[in-house]
Amino acid sequence: MDSRIYGGSPTILFFVLLVSATGVRSALPKNLVSRSTLPSSGSGQINSNSVLVALLDSHYTELAELVEKALLLQNLEDAVGRHNVTIFAPRNEALERDLDPEFKRFLLEPRNLKSLQTLILFHVIPSRISSDSWPISESARHRTLAADHVHLSGGSAAKQVDIAAVVYPDAVIRPDGVIHGIERLLVPRSVQEDFNRRRSLASISAVLPVGAPELDPRTHRLKKPAPPAPAGSPPALPIYDAMAPGPALAPAPAPGPGSGKHWFDGESQVKDFIQTLLLYGGYNELADILVNLTSLATEMGHLVSEGYVLTVLAPNDEAMAKLTADQLSEPGAPEQIVYYHLIPEYQTEESMYNAVRRFGKVRYDTLRLPHKVVAREADGSVKFGQGQGSAYLFDPDIYTDGRISVQGIDAVLFPPEEETPAAVAPAAVRNTVKAAKPRRGKLFELGCQMLGALGQRARFTSCQ
């Protein structure tokens, strides 16, 4: 068979094939390029030996999963491309079992993506800090990618990052960074405050307690109800009427004067401030008393749900360690100690300091009736109590959410000792004897003297 092509020459056919090949090449995607031609370094480009790749492939799987959910891979690639980094990776157990489930649920909500990103970037320092270059004498302050600062301390001894201990120093070492394994998650204060404010208290209102109808004894008719109070106003009855009777030796709900509609989630707010105490550090003993040793946390939750506010004077662990067994062994003793540290008002460090600066001495009511705690200004701070049993405002505004305020103090407060009845009795007897003796006037004395001169004084008993 003849192999000639009819209708065109071989030159024209070659030209058509060349144009077709050029068009096919131009139609291919521009990003279809072999990775071997990419540069191994530069902004936004990492290689297989990068510390970021080591983190994603390491046994810190929980942190790697949070990094992916926070959509921070590109940001971390840019950071690694610009400079060395130091990553503090919490243990998987710290994120699986030790982390509060409600806090983890808060982090994974889509609307809280910024808080999750801040939390992850708080664990990354844009500089290389290996165990050899760890600060030895004093704690060093380093800026993180979250624009906050962490404190490194410990030196050659037990190394620490803020309140977390470094359990695996230099766990992963790469040319562009290092990873240290830590025992717990680092939570910046901004994220903790966002978690505490996740419920918008501005969109809810409190309802005044509704009690039984009152009868006017004069007219025997029902009293007219009080005019409606504005939303969010405090309850009409004092807080002592809403407290559970006696020390809370067993979990028992506060009888509350309200109508049963709790417009504030008091239990969650109490849980928030106890969680803040644990994350703040140094107040574990008080948290243990509130939750485990007594049922005061439940009772405080009921009070806040009813619309009451509280200020907690929280002694730190060093102060709680000075309590003796005799002070805690009596039934109801832990409750009475804590009651004396609960003020039924909402006070901050600024409001209390302004009050003592203006009035000199301020007496605050406590939940331990009838005792009050005395506050005065001392050394530029607020001092509570008197004499040897006084305490200074040590950690101001540990927790403030508009309903509960927690102020850290450096000692446990006790009410002043009451005067004993035995000491009062002799004075009362002396006053009674003096009051029984009649008092004579001068004219009466003159009359008795005249009767005496006449020999008739004995006949009048009043002159004896």
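The coordinates are above.
None of the values given here were measured: they were computed from a predicted structure.

Visitor: What's the story with unusual backbone geometry in this structure? I'm lost.
Guide: Put simply, Leu 369 and Pro 370 share a cis peptide bond, and its omega is -5°. Tracing the sequence through the fold places Pro 370 in the loop between β12 (361-365) and β13 (372-378). Positive phi, normally seen in glycine, also occurs at Leu 71, with a value near 60°. Inspection of the secondary structure assignment puts Leu 71 in the loop between α3 (61-69) and α4 (73-82).

Visitor: How should the packing of aromatic side chains be read in this particular structure?
Guide: To describe a pair of aromatic rings, you give the distance between the ring centres and the angle between the ring planes. Using the criterion set out here, one finds six aromatic pairs in the structure. Both rings, one in Tyr 280 and one in Tyr 283, keep their centres 6.2 Å apart while their planes meet at 55°; by these two values the pair is tilted. For Tyr 283, a relative accessible area of 1% puts it in the buried group. A network of ring pairs unites the aromatic residues Phe 103, Phe 106 and Phe 195 as a single cluster.

Visitor: Looking at this model, I keep getting lost on helix α10 (residues 284-293). Mind explaining?
Guide: Those residues of α10 lying buried are Leu 286, Ala 287, Ile 289 and Leu 290. When α10 is viewed along its axis, its buried side chains cluster within an angular range of 160° and face the same direction. Structural note: α10 exposes Asn 292 and Leu 293 on the side pointing more than 90 degrees away from its buried face.

Visitor: In this structure, what is going on with the layout of surface pockets? I would like to understand it.
Guide: Empty pockets left among the atoms are what a rolling probe the size of a water molecule brings to light. The calculated volume of the largest pocket comes to roughly 770 Å³. Every residue lining the largest pocket is counted, 29 residues in all, and those nearest its centre are Val 187, Pro 188, Arg 189, Gln 192 and Tyr 280. At the level of secondary structure, the elements contributing two or more residues to the lining of the largest pocket comprise β4 (149-153), α8 (189-196), α9 (266-280) and β15 (391-400). For the lining of the largest pocket, the per-class residue count stands at eleven nonpolar, eight polar and ten charged.

Visitor: When you look at the packing of α9 against helix α11 (residues 296-305) in this model, what are you seeing that I'm missing?
Guide: In helix packing, the relevant descriptors are the interaxial angle and the interaxial distance, both defined with respect to the helix axes. One way to put it is that α9 packs onto α11 with a least axis distance of 7 Å and a crossing angle of 125°. On the basis of their axis angle, the class for α9 and α11 is oblique. Relative to α11, α9 is oriented so that their crossing is right-handed. Across from Gly 266, Glu 267, Gln 269, Val 270, Phe 273 and Ile 274 in α9, the residues of α11 making contact are Ala 297, Met 300, Gly 301, His 302, Val 304 and Ser 305. Partitioning the contact of α9 with α11 into residue classes produces six nonpolar, five polar and one charged.

Visitor: Quick question: what am I supposed to make of the sheet that holds strand β11 (residues 342-343) here?
Guide: Within a sheet, neighbouring strands are paired by backbone hydrogen bonds and run either parallel or antiparallel to one another. Read across the sheet, seven strands follow the order β11-β10-β16-β15-β14-β13-β12 without closing on themselves; strand pairing throughout is mixed. Both edges of this open sheet fall to β11 and β12, since each of them pairs with a single strand only. The pairing of β15 with strand β16 (residues 404-409) spans four bridges and is antiparallel. Bridge pairing in β16 places Thr 400 opposite Ser 405.

Definitions and cut-offs
Residues numbered from 1 in each chain as written. Predicted model: local features only at pLDDT ≥ 70, side-chain atom pairs only at ≥ 80, totals over all residues. Heavy atoms only, no water. Helix = DSSP H or I, 4+ residues; strand = E, 2+ residues; numbered from the N terminus. Phe/Tyr/Trp six-rings, centres within 6.5 Å; stacked < 30°, edge-to-face > 60°. Buried < 20%, exposed > 50% of the residue type's maximum accessible area, 1.4 Å probe, protein only. Arc of directions from axis to C-beta. 1 Å grid on protein atoms, 1.4 Å probe; cavity = no way out; pocket = protein on both sides within 12 Å on 5 of 7 lines; lining within 4 Å. Points joined across faces, edges and corners; volume = space filled by probe spheres on them. Nonpolar A, V, L, I, M, F, W, Y, C, P; charged D, E, K, R; others polar. Axes fitted to C-alpha atoms, helices over the stretch in contact; angles between N-to-C directions. Parallel < 35°, antiparallel > 145°, perpendicular 65-115°, else oblique. Left-handed = near helix turned anticlockwise from the far one by under 90°. Contact = heavy atoms within 4.5 Å. Pairing = 2+ DSSP bridges.

In short, the description is geometric, and any link to function would need to be established separately.
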